[in-house]
Amino acid sequence: MAPPLPKALLDDGLAGLQHNVLTGQLENLVQWARARSLWPATFGLACCAIEMMAAGGAHYDLSRFGMEVFRASPRQADLMIVAGRVSQKMAPVLRQIYDQMMEPKWVLSMGVCASSGGMFNNYAIVQGVDQVVPVDVYAPGCPPGPETLLHAIITIHEKITSGEILQRRSEGAGPLVIEQRDGQTERGVRIGTAR
Amino acid sequence: MTAVETPAETIDYHARLRSGRGVLRMSEVEAAQHGDKLADENDETMLMNMGPQHPSTHGVLRLMLELRGEQVMRSKPILGYLHTGMEKTAEDLTYLQGPTNVTRMDYASPLFNELVFSMAVEELLGIEVPERAQWIRMLMCELNRMSSHLLFQATNGMDIGAVSVMIYGWRDREEMLRLFEKITGLRMNHNYIRPGGVAADLPDGWRDDLLRIFDTLPEHLEDLDTLLTGQPIWRERLQGVGMISTQEALDLGATGPILRSTGYAWDLRRELPYLRYDQVDFDVVVGTFGDCFDRYAIRLNEIRESMKIVYQILEKLPKGDYKALDRKVTPPPRARIDESMEALIHHFKIYTEGFKVPEGEVYVAVESPRGELGCYLVSDGTSKPYRMHIRGPSFVNLQCLPHMMADSLIADTVAIISSVDPIMGEVDR
Amino acid sequence: MTDAAIEEVPAEPAPPEEAFGALVTWSRGQRVLHPTRETYLATVEALRDAGFIMCVDVCAVDYLLAKHGRALPVGIEAERFEVVANFINPAERSRIRTRVQVPESDPTCPSLWPLHAGTEGPEREAFDLFGITFDGHPDMTRILMPENWQGHPLRKDYAMGRIPVQFKGAPSS
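A.B. asks: What is the right way to look at the sheet that holds strand E3 (residues 71–78) of chain B in this model?
C.D. replies: Each strand in a sheet pairs with its neighbour through backbone hydrogen bonds, running either in the same direction (parallel) or in the opposite one (antiparallel). Residue and element names in this part refer to chain B. Strand order in the open sheet formed by 3 strands is E1-E2-E3, with antiparallel pairing between adjacent strands. A single partner strand is all that each edge strand has here, and the edge strands are strand E1 (45–50) and E3. Each strand axis lies, on average, 20° off the axis of its neighbour in the sheet, ignoring direction. Bridge count for E1 against strand E2 (residues 62–68) is 6 bridges, and the pairing is antiparallel. Its bridge partner lying in E2, Thr 45 is registered against Arg 68.

A.B. asks: I'm lost on the interface of chain C and chain B in this one. Help?
C.D. replies: Size of an interface: often given as the accessible area lost when the parts come together. Tallying the contact residues gives 61 residues for chain C and 53 residues for chain B. Between chain C and chain B the total buried area reaches about 4,600 Å² when both faces are included, carbon and sulfur atoms providing 52% of it. Remark: the boundary between chain C and chain B carries 7 salt bridges. Across the salt bridge formed by B:Glu361 and C:Arg97, the nearest N and O atoms sit 3.1 Å from each other. At the junction of chain C and chain B, the tally comes to 29 residue pairs in polar contact (both at pLDDT 80 or more). Counting only elements with at least two residues in the side of chain C that touches chain B, the list comes to strand E3 (30–34), strand E4 (54–62), strand E5 (81–89), strand E6 (94–102) and helix H3 (120–130) of chain C. Ranked by the residues each element gives to the side of chain C that touches chain B, the list is headed by E4(C), at 9 residues.

A.B. asks: What is the right way to look at the packing of helix H6 (residues 131–160) of chain B against helix H8 (residues 206–229) of chain B in this model?
C.D. replies: The angle between the axes and the distance between the axes are what describe a pair of packed helices. All names here are of chain B. Interhelical geometry of H6 versus H8 gives an angle of 30° and a closest axis separation of 13 Å. Of the two elements, H6 crosses H8, and the hand of that crossing is left-handed. Each of Leu 139, Leu 143, Met 146, Leu 150 and Gln 153 in H6 lies in contact with H8, whose residues at this interface are Trp 206, Leu 210, Phe 214, Leu 217, Leu 221 and Leu 224. When grouped by side-chain class, the residues that make up the contact of H6 with H8 number 10 nonpolar, 1 polar and no charged.

A.B. asks: Could you clarify how one ought to interpret the domain arrangement of chain B in this entry?
C.D. replies: Residue and element names in this part refer to chain B. Along its sequence, chain B is organised into domain 1 (8–78) and domain 2 (86–399 + 415–428). A separation of 33 Å is found between the C-alpha centroids of domain 1 and domain 2. Listed per partner, the contact involves 15 residues of domain 1 and 13 residues of domain 2. For the pair domain 1 and domain 2, the summed buried area comes to about 1,200 Å², and 66% of that belongs to carbon and sulfur atoms. Taken as a group, Tyr 13, Leu 17 and His 58 account for 53% of the area that domain 1 buries against domain 2, more than any other trio of residues on that side. Where domain 1 packs against domain 2, one counts 2 salt bridges.

A.B. asks: Would you explain the packing of aromatic side chains in this entry?
C.D. replies: The description of an aromatic ring pair rests on the distance of the ring centres and on the angle between the ring planes. All chains considered together, the criterion is met by 9 aromatic pairs over all chains. Summarising the aromatic geometry, the rings of A:Tyr123 and C:Tyr158 are spaced 5.9 Å apart at their centres and angled 80° between planes, so their arrangement reads as edge-to-face. Note that A:Tyr123 is positioned in the loop between helix H5 (112–116) and strand E4 (137–139) and C:Tyr158 in the segment after strand E8 (133–135), a pairing that runs across two chains. Residue class for A:Tyr123 comes out buried when judged on its relative accessible area of 0%. Judged by its relative accessible area of 5%, C:Tyr158 is buried. When the ring of B:Tyr95 is compared with that of B:Phe355, the centres are 6.1 Å apart and the planes differ by 20°; the resulting orientation is stacked. With B:Tyr95 in the loop between helix H3 (86–90) and helix H4 (98–102) and B:Phe355 in the loop between helix H15 (341–352) and strand E6 (360–368), this pair connects stretches of sequence that are 260 residues apart. Of the two residues, B:Tyr95 and B:Phe355, both sit in the buried class.

A.B. asks: Explain the pairing of E6(B) here, please?
C.D. replies: Working note: regular strand, side chains alternate between the two faces of the sheet. Residue and element names in this part refer to chain B. Counting buried positions over the 9 residues of E6 gives 8, a clear majority of the element. Sheet analysis places E6 next to strand E7 (residues 371–379), joined by 9 bridges and oriented antiparallel. Bridged to Val 366 within E7 is Leu 373. Connecting E6 to the next strand, E7, in antiparallel fashion are 2 residues.

A.B. asks: Got a minute to help me understand unusual backbone geometry in this structure?
C.D. replies: In terms of backbone geometry, most residues other than glycine have negative phi values and most peptide bonds are trans. Cis rather than trans, the peptide bond between A:Glu103 and A:Pro104 has omega equal to -5°. Relative to the elements of secondary structure, A:Pro104 occurs in the loop between helix H4 (91–100) and strand E3 (106–110). Of note, the amide linkage connecting A:Cys142 to A:Pro143 takes the cis form, showing an omega dihedral of -10°. Here A:Pro143 lies in the loop between E4 and helix H6 (146–162). Here B:Asp407, not a glycine, exhibits a phi torsion of approximately 65°, which is positive.

A.B. asks: Honestly, the packing of helix H3 (residues 47–56) of chain A against helix H7 (residues 163–184) of chain B in this entry has me stumped. Any pointers?
C.D. replies: Orientation of H3(A) relative to H7(B), taken along the N-to-C sense of each, is 110°, at an axis distance of 10 Å. Accordingly, the angle class assigned to the pair H3(A) and H7(B) is roughly perpendicular. The hand of the H3(A)/H7(B) crossing is left-handed. Across from A:Ile50, A:Glu51, A:Met53, A:Ala54 and A:Gly56 in H3(A), the residues of H7(B) making contact are B:Met166, B:Ile167, B:Trp170, B:Arg173, B:Glu174 and B:Leu177. Taken together, the residues that form the contact of H3(A) with H7(B) break down as 7 nonpolar, 1 polar and 3 charged.

A.B. asks: Is there a simple way to explain the side chain of A:Arg85 in this structure?
C.D. replies: Within the secondary structure layout, A:Arg85 lies in the loop between strand E2 (79–83) and H4. Although A:Arg85 is buried, it makes no salt bridge; B:Asp428 carries the closest opposite charge, 7.9 Å away.

The rules we used
- Residues numbered from 1 in each chain as written.
- Chains lettered and ligands numbered in written order.
- Predicted model: local features only at pLDDT ≥ 70, side-chain atom pairs only at ≥ 80, totals over all residues.
- Heavy atoms only, no water.
- Pairing = 2+ DSSP bridges.
- Helix = DSSP H or I, 4+ residues; strand = E, 2+ residues; numbered from the N terminus.
- Axes fitted to C-alpha atoms, helices over the stretch in contact; angles between N-to-C directions.
- Contact = heavy atoms within 4.5 Å.
- Buried area = accessible area lost by both parts, 1.4 Å probe.
- Salt bridge = Lys/Arg side-chain N within 4 Å of Asp/Glu carboxyl O.
- Polar contact = N/O pair within 3.5 Å; in protein donor to acceptor, adjacent residues only side chain to side chain.
- Left-handed = near helix turned anticlockwise from the far one by under 90°.
- Nonpolar A, V, L, I, M, F, W, Y, C, P; charged D, E, K, R; others polar.
- Domains from an automatic or database assignment.
- Phe/Tyr/Trp six-rings, centres within 6.5 Å; stacked < 30°, edge-to-face > 60°.
- Buried < 20%, exposed > 50% of the residue type's maximum accessible area, 1.4 Å probe, protein only.
- Parallel < 35°, antiparallel > 145°, perpendicular 65-115°, else oblique.
- Lys, Arg positive; Asp, Glu negative; His and termini not counted.

This is the structure in structure tokens:
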């Protein structure tokens, strides 16, 4: 049974609400709404993806943050968690998925491999996903435990609630250049399209 | 399900595997051209791309599917999206650093990678590993097998649509990972098994923690039985899907649950025992039909077999050293460094230039949760491997995919991929 | 098992051991066959008929920088590349390995695909990472690297491709 309506509302209609209205800035409301249901795209690559899934499990429960809906379609996602090492072959795919995401969008680089190449400083791995897409928060660890991921997510929430609401994130993304490194040429051979 | 089925004995599998049935061989360029040119009106086939960013391709597997309506005619797995160059990196790391590298290959069962690398190095060095270290390795590997199969149950359920099973699988895996964290210091990528033994002895209270997990695990496995094994929908989705015969599996080099699902009892723990598997009693679980359901059931029951092994290990675990006392190979205990100049020198040498391994080449294999995990190691007498090659079971098993998927429905592809249980880190390395 | 195998290692002056049409050496108690490129397929076929029905692995090694000579039987000349294949005999529960020398000037080798379909992937990998072409393989294309990649990364003259670590946003005093 629904609770009875307050007497003021019954007597005066909406006018009876006059002392109960909260006022605030539209900006705050938008930021609050964005931070409280940040849907991640499933972008599991390697070991970190397993820990990302563990964070979605019962012990760590990402749904506390309104984030349990991992979207398979980048069109429906707000946050890309790059979980794992990004190879030269994967980088164009990653960039394409980032471009497909709708504004506003954020990127979380999970683990040292995504953040800096980690222990794999060789021909195959992109040394940091920030060479491909703009990154908002880096989570350290190899792999970061679910707690570290949760901390990174809380950090990104703070960033959302304190940032600008009209900024277009993809403007920070430079052209996509994938370098073929064999150590013999001074500069890498460029593969893929620079835009 | 065709009305008239050819009896299995009359099929020439050798010829069928090479007939191009189910296997699509087409490069990116050709595929792009295929899309451009308008096929003639009678051509009802279509090329479809699946992955590498797809929720149920277990990471970054990509498939090129040739479809006729809902039916998969041919398919091609495209790999390399997680190629990490680990075999190249291994040539630049000392033997002591090696496990750090290989453990990141098959990230669902990292301890097996460390084990096979360490065993190859020990074989080249010709050193004996103490008894207790062997048993600790066995204990950890069996626990890892259980956590890996629990991960399979979680992802397999999720792929097929039983999303709550994912939570069930993670529940027990999480307990297992906490035990790993207590013993090795890390939840994954432990670097615990090292040439010469293990990194540290088992900590206080590990036995109680382990038994506490085992108190609830059988019950939780029965939950899975209730939720999945007996359910008509689950059986409909898996039974008779992705069939493969023994001959095909052998010809394709498939190992592990895929080979066993065809009724061929081949388990390296039993057939070519390593560690101390000849001293424990366990059953090799085999299937009958080689379909997805058999592969699911084998993995579920292997968790129970592993429990059986672990109980025996708990009884038989001997006292003693947890690593070889060869000071040229394993670092001295921390306390010795303060009092002995020699220990300090050994410690310094091992961590700066590493230990030298005699020339030679060796191939060692263990039974990982996915099949035969092998390591081919070539040493040129220095402290770094000259060549380190890992034979990843997922990589070879993935070759079964086109043959399993031939003539199946597109809705079944996800079930078939999931039943192969590929870990892309190990496929691409 | 290992001890018994070690005892079978022939003493120094013994005549060269031969099996399945190839010379045999022992490496840490493991039996290794050394067929030439010409006898490779015949050896593997003989192995298959003898019960080695599973080819578990094919890989390649680049011996460009190997400081010392390899332990090869007399009559086998060391070349830059080596193609290594591992076989299992499930009935006898035994393993065997073949090592084929492949020269740098002509990096080709017969494919095992007609005999063991499971070598398709590993041989593509060896082609991708070492540039060894396998004759008779149905699909000799790159498997791990992008299709337009140049060079073969696991060759010893292909550098690691390491780049110096950069610290973005660090104060540049």
